[in-house]
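# Structural overview
Each chain, letter by letter, is given below.
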Amino acid sequence: MISYERKQAMIIKNGILVLPDRLVSGGIKLTNGVISEIGEPDGSDEVIDAGGNYISPGLIDIHVHGGGGADFMDCTHKAFRTACDFHLSRGVTTLLPTSVTAPVGLTERFFDTARSEMKTNRMIAGVHAEGPYLSVKNRGAQPERYLLVPATDSYDFLLKNADIIKTVTLSPELPGTPGMIRKLREAGIVVAGGHDDGRKSLITPALEAGLTHLTHLWCAMSLAKVYDGVREPGLLEIGLSDDSLTCEIIADGRHMPPELVKIVWRCKGERMAIVSDCLRAGGMPRDGRLWTLGAEPEMYGEDAPEPTRFIVSDRVARLPDGTRLAGSILSIGEMLKGLVDCGIPVSEAFRAASLTPAKIIGIDRTHGSLEVGKVADIAIFDRGFSPVRVIKDGKTVI
């Protein structure tokens, strides 16, 4: 893992500054690991010529499982650093390692590894627990054997780890969910709805209890349906129409075609974030092999069932029988061009990958935009949206 020792001062000049609402020609000064000046700064120990490229805040991925051949559920420091390095090389400077549904003991080991890794790895802002309180019908690639229900299964292990858990994804219609949401909110955890089989009458109590975010719209999510002659919105329609909710999309061009991306952007605007949902196959050769979703089999013990496997085809992860998508193989840095190709302005595409996710997890005072006093996490992208330089805490790392 690259060390993040800070340089005293650095100027990046001759670039296009990517602000949340516009693009501006100019430069930026970084001093002792923070942004100290924006505009046309001069005088520095080090000067970098951006060459007319985009100078953006470091990207922030709040839903990511792995990359570079590693999954965060492998629960080793090597796996964490391998996955982080892959995303760092694509312009991501902050992320939330994300769990998959697994035995509680293994999920707790994931939390413990993340907590330990955070002592030295400043990319990690906390973790995202995706599951295990998800619907059977829309569990996606999550293993059914380990799914739990709030009304009958304890969630104390989440509350015990509230110091590092930033977000939890659950199905809002499950029995006992409103009470669970209140407890998680009291512990400072952002609660997201997803992988659900709900409808408005069942989802509304979860919203009233404090659910504020939606996990990967359109993916493993309930849609409007007629019940006893009455059409009720699903979680998707509620998310698109409720201005109090933020949402995330997997903008890899496979999980959502351009038409759906445009709908979300027009409905949600600055409340839309992009996430990678990237699996361990991210950045790896496309060799047709079977990959493991989540931890490798030996992590589950002797009586474990066959692990969930996936293949990579057409630039996306799928279950071997092709019936379901399993996740992405791209970083959010590799998704920016697709957003712009959908007609989304460059500044808003970058905002969906930086300031909006920072706001969702409550770190926008220090991260997510080019503002004086914020942490000097910077990425320089060329006009084709490929990263040419990545700066973490004021030090060039890529």
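Residues numbered from 1 in each chain as written. Predicted model: local features only at pLDDT ≥ 70, side-chain atom pairs only at ≥ 80, totals over all residues. Heavy atoms only, no water.

## What about the packing of aromatic side chains?
Rules: We call Phe, Tyr and Trp rings a pair once their centres come within 6.5 Å, taking the six-membered ring for Trp, and we label the pair stacked below 30 degrees between planes, edge-to-face above 60, and tilted otherwise. A helix here means a DSSP run of H or I that spans at least four residues, while a strand means a run of E at least two residues long, and both kinds are numbered starting from the N terminus. Exposure classes here rest on a 1.4 Å probe applied to the protein chains alone. A residue is buried below 20% of its type maximum, exposed above 50%, and partly exposed in between. Two conditions define a charge located above a ring, namely a distance within 6 Å from the ring centre to NZ of Lys or CZ of Arg, and an angle within 35 degrees of the ring normal.
Scanning the model with the defined rule gives 8 aromatic pairs in all. Consider the rings of Tyr54 and Phe350, whose centres lie 6.0 Å apart with planes at 55°: the pair is tilted. Taken together, the residues Tyr54 in strand β5 (residues 54–57) and Phe350 in helix α9 (residues 346–352) connect sequence positions 296 residues apart. For Phe350, a relative accessible area of 1% puts it in the buried group. Ring geometry for Phe350 against Phe385: centres 6.2 Å apart, planes inclined by 40°, an arrangement best described as tilted. Pair noted here: Phe350 is in helix α9 and Phe385 is in the loop between β22 (378–381) and β23 (387–392), with a separation of 35 residues, a long-range link. For Phe385, a relative accessible area of 10% gives the class buried. Aromatic ring contacts, followed pair by pair, group Tyr54, Phe350, Phe381 and Phe385 into a single cluster. Against the face of Tyr227 rests Arg199, its NZ or CZ located 4.1 Å from the ring centre. Cation over ring: Arg383 sits above Tyr54, and NZ or CZ is 5.3 Å from the ring centre.

## A few points about the nonpolar core
To keep things clear, this is the line we draw: The nonpolar core is taken to be a set of buried Ala, Val, Leu, Ile, Met, Phe, Trp, Tyr and Cys residues, with the residues joined through side-chain atoms within 4.5 Å.
Ranked by internal contacts, the top residues of the largest apolar core, which has 106 residues, are Leu158, Ile249 and Ile274. If you tally residues by element for this core, the top one is helix α1 (residues 77–88), at 5 residues. One finds Ile48, Ile55, Ala376 and Ile391 within the second-largest nonpolar core, a separate group that totals 15 residues.

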